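Listed below are the residues making up each chain.
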Amino acid sequence: MAEQPVLAERTLLVQRALRGFEQRTHLGPNKNTPDLLDQHLIAAIERLSETLNNTVPAPSDAPPSRRIAVAFAMAVFSHPHLAATFGSGPREGTCDPKDRKPFPTEVPLVVSDELLQQIVALSQWELDDLREEIDRRASQSLKQARALSWIWTYFNVNAGAPLKLFKVLFPAIDATSEQVDLVLRSNRLYGLYDMPAPSVSALFLGFQDTASTVPISTFRSRYVDPSLRRTLARSIGAKPWEFDRLLDRVIMLIPRDQANAFLERDQWRTSGMASLTEMGRDYLSGLSLVKKIEHNELDWSLFLNEDNGELKMTRRPGAVFDELALDRAQKVLSHIYAGMLARAEHADPGTPLELEDLELLDVGRHLRQALEPIIAWANSQDTHDHIAVQLRLAPGDVAQTMNDVGIRWRAHAETAWFAPPSDERRHTICGIVFSHLIALRGSLMRVVDRTADPRWEHRNMSLLFTAHYLADAPIERLWMKGLSDSLIDENSRLPPPEDVVGSWFWTCWVRLLDAIDNEADIDAAMPEL
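Residues numbered from 1 in each chain as written. Predicted model: local features only at pLDDT ≥ 70, side-chain atom pairs only at ≥ 80, totals over all residues. Heavy atoms only, no water.

Considerations on the overall build of the chain
If you tally the helices and strands in the chain, you get 19 helices and six strands. When burial is assessed residue by residue, the chain has 53% of its 529 residues classed as buried. Look at the contacts in the chain between residues 6 or more apart in sequence, and 78% of them connect residues 24 or more apart. A total of about 24100 Å² of accessible surface is found on the chain, and carbon and sulfur atoms cover 52% of it. (Helix = DSSP H or I, 4+ residues; strand = E, 2+ residues; numbered from the N terminus. Buried < 20%, exposed > 50% of the residue type's maximum accessible area, 1.4 Å probe, protein only. Contact = heavy atoms within 4.5 Å. Areas by Shrake-Rupley, 256 points an atom, 1.4 Å probe, with all protein chains shown as cover.)

Remarks on the pairing of strand β3 (residues 188–193)
Counting buried residues in β3 gives six out of six residues, a clear majority hidden from the surface. With burial as the criterion, each face of β3 is covered, one bearing R188, Y190 and L192 and the other bearing L189, G191 and Y193. Linking strand β2 (residues 180–185) back to β3 in an antiparallel pair, the connection comprises two residues, with S186 at a positive phi of about 55 degrees. (Pairing = 2+ DSSP bridges.)

Some details on the nonpolar core
Counting residues in hydrophobic clusters, the biggest one holds 135 residues, and the most contacted among them are I45, F72, W268, W409, F434 and L512. Every residue in contact with L512, bar those within four places of it in the chain, is listed here: F72, V76, L109, V111, L115 and I119. Core analysis: the second largest hydrophobic core is formed by 28 residues, W152, L163, V180 and A233 among them. (Core = buried A, V, L, I, M, F, W, Y, C linked by side-chain atoms within 4.5 Å.)

Overview of unusual backbone geometry
Phi is positive for N156, which is not a glycine, with a value near 50 degrees. Examined against the element boundaries, N156 turns out to sit in the loop between α5 (124–154) and α6 (163–169). Positive phi outside glycine occurs at E278, with the angle close to 55 degrees. With respect to the helices, strands and loops of the structure, E278 is situated in the loop between α11 (273–277) and β5 (304–307).

Concerning the pattern of salt bridges
Counted under the stated rule, the structure contains 40 salt bridges. A salt bridge links D113 to R131; its shortest N-O distance comes to 2.4 Å. With D113 in helix α4 (residues 113–120) and R131 in helix α5, the pair connects residues that are 18 residues apart, well separated along the chain. Using a relative accessible area of 12% as the deciding quantity, one classes D113 as buried. When the shortest N-O distance is used, the salt bridge between E278 and R137 registers 3.7 Å. Separated by 141 residues along the polypeptide, E278 in the loop between α11 and β5 and R137 in helix α5 bring together distant segments of the chain. (Salt bridge = Lys/Arg side-chain N within 4 Å of Asp/Glu carboxyl O.)

Description of empty space enclosed by the protein
Using the criterion set out here, one finds five cavities of 30 Å³ or more in the structure. Its boundaries defined by the atoms lining it, the largest cavity holds a volume of some 90 Å³. Contributing to the lining of the largest cavity are M340, R343, A344, D357, L360, L361, R441, L444 and M445. For the lining of the largest cavity, the secondary-structure elements that each account for two or more residues are α12 (317–346), α13 (355–361) and α17 (429–449). Across the lining of the largest cavity, the residue classes break down as six nonpolar, no polar and three charged. Lining the second largest cavity are H436, L440, F465, T466, Y469, L470, E498, D499, V500 and V501. Elements with a contribution of two residues or more to the lining of the second largest cavity: α17, α18 (459–472) and α19 (500–525). With four residues, α18 is the single largest residue contributor to the lining of the second largest cavity. Per-class residue counts for the lining of the second largest cavity are six nonpolar, two polar and two charged. (1 Å grid on protein atoms, 1.4 Å probe; cavity = no way out; pocket = protein on both sides within 12 Å on 5 of 7 lines; lining within 4 Å. Points joined across faces, edges and corners; volume = space filled by probe spheres on them. Nonpolar A, V, L, I, M, F, W, Y, C, P; charged D, E, K, R; others polar.)

Thoughts on the sheet that holds strand β1 (residues 91–93)
Strand order in the open sheet made by the four strands is β1-β2-β3-β4, with mixed pairing throughout. In the strand order of this sheet, the two ends are held by β1 and β4 (251–255), each with one partner. Geometrically, the sheet is characterised by an average inter-axis angle of 25 degrees between neighbouring strands, direction not taken into account. Alignment of β3 against β4, held across five bridges, turns out to be parallel. Residue pairing in the sheet places Y190 in a bridge with M252 of β4. (Axes fitted to C-alpha atoms, helices over the stretch in contact; angles between N-to-C directions.)

Some remarks on the environment of R10
Positionally, R10 belongs in helix α1 (residues 4–27). A sequence separation of 40 residues divides R10 from E50, and the C-alpha atoms of the two residues are 9.8 Å apart. Beyond its immediate chain neighbours, meaning those up to four positions away, R10 contacts L48, T51 and L52.

Quick word on the side chain of T383
Along the polypeptide, T383 turns up in helix α15 (residues 381–391). For T383, a relative accessible area of 0% translates into the label buried. Other than its neighbours up to four places away in sequence, T383 contacts H295, W377 and M402.

Considering the packing of α12 against α17
Between α12 and α17, the shortest axis-to-axis distance is 10 Å and the interhelical angle comes to 25 degrees. Considering the angle they form, α12 stands roughly parallel to α17. Between α12 and α17 lies a crossing whose hand is right-handed. Contacts from L333, I336, Y337, M340, L341 and A344 of α12 reach α17 at V433, H436, L437, L440, R441, L444, M445 and V448. Here the residues of the contact of α12 with α17 sort into 12 nonpolar, one polar and one charged. (Parallel < 35°, antiparallel > 145°, perpendicular 65-115°, else oblique. Left-handed = near helix turned anticlockwise from the far one by under 90°.)

By themselves, these are just geometric observations and shouldn't be taken as functional.
See the structure below:
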């Protein structure tokens, strides 16, 4: 019973913060009191963070769950690649944006499989599979780097004439040589252009349907001349379709006057973190979330059927919407995760919550943008006509049923997904995800800023572990106890806001360092032959 006041305070703070985000959205970019509103919003989030980040560390003798074990093993296998594969990538350009260099690469961590098995309790074949997957991701990144190096050399960009290549990559932009520059960073190529600068969070929030998508929505490999694409593909031993996919992942347009800020934030990708973890790897993947859903893209037969000449809903509308929404919500969360990890990777110790963090934490707006296409599909005339033809029903009758479905879906989405918690509905998806993100941000910043164990630096390992874990963790774990990897309170209806980073990373990390020490002591005690 003693926890009830704390829980009530958390719910109130979540409600206050999410309503602040709603006000922020309604006011738009020309809001009259932006500073005051944002200050109140930041204060509410900081107070909420204080109530959430009191995680009890995992028991030192408790074995990690399988998801945690796999994430930790993949982080161990990824760590050497940061130095060996990505550590000496090129830093070239026709200008110097003065972007800060990445943090110094840590000494590569290489441990035996036998030792790692003691920590994660995975079999040898499982570790072999995980190592092969990490090596595959690293090799793909090397192929990307070779493609960009070939392009850079082929167009002789180092001679200081970027316009020719710029027009090849961005043919829709009518630019002069005074307006553009090109910069090469490891396995990424950037076009710098004089244009309005959105928030740097747009690097990872590619599903936004606002002007902030400008930097990531301009380049498409299909715009490049086909004969040149074939030549480039042959040069690195890739198929044309494979080369197209590689280009879409590694070339982007950024604002010229803010190039340093964008390049620094995108070090999550240029350092190799995104390639190794597949968290935030692509620039374009988020655009599919705001694209129109075509009439034949959803399998409507799973919840719609003909009954005596009428179209009937065979399942509860809210349950159907939840099923359709989960995959999209998962992708939204992955984009937010990538933005948070990118910020943590290059943040200075003790970095407070700032305005750009608000862009990442505006959960209600992000969910709404990604889920609106589902409701629009139900209301679309193309959908109505398609179903009518398939079931041989009158188009007007189908339209009436489908419009009713759209109304029910919207009502469910507004209350269960988009809304802050309330007296009527204490737990909403928006509120649960928001609380989780606040807890994650707090624990991630604390672990990254934590004084390193004298035996090894942990900064990159903690980021790799977090990204590998979040990349494969289903969103449902945030409200289903059976899927949660957090310490469960049996008296609580929901699992606590997840803090796997704070409760499990350091436990596994110290166990690994202790095992390395023990192995070294045993080796030292062995008599010389």
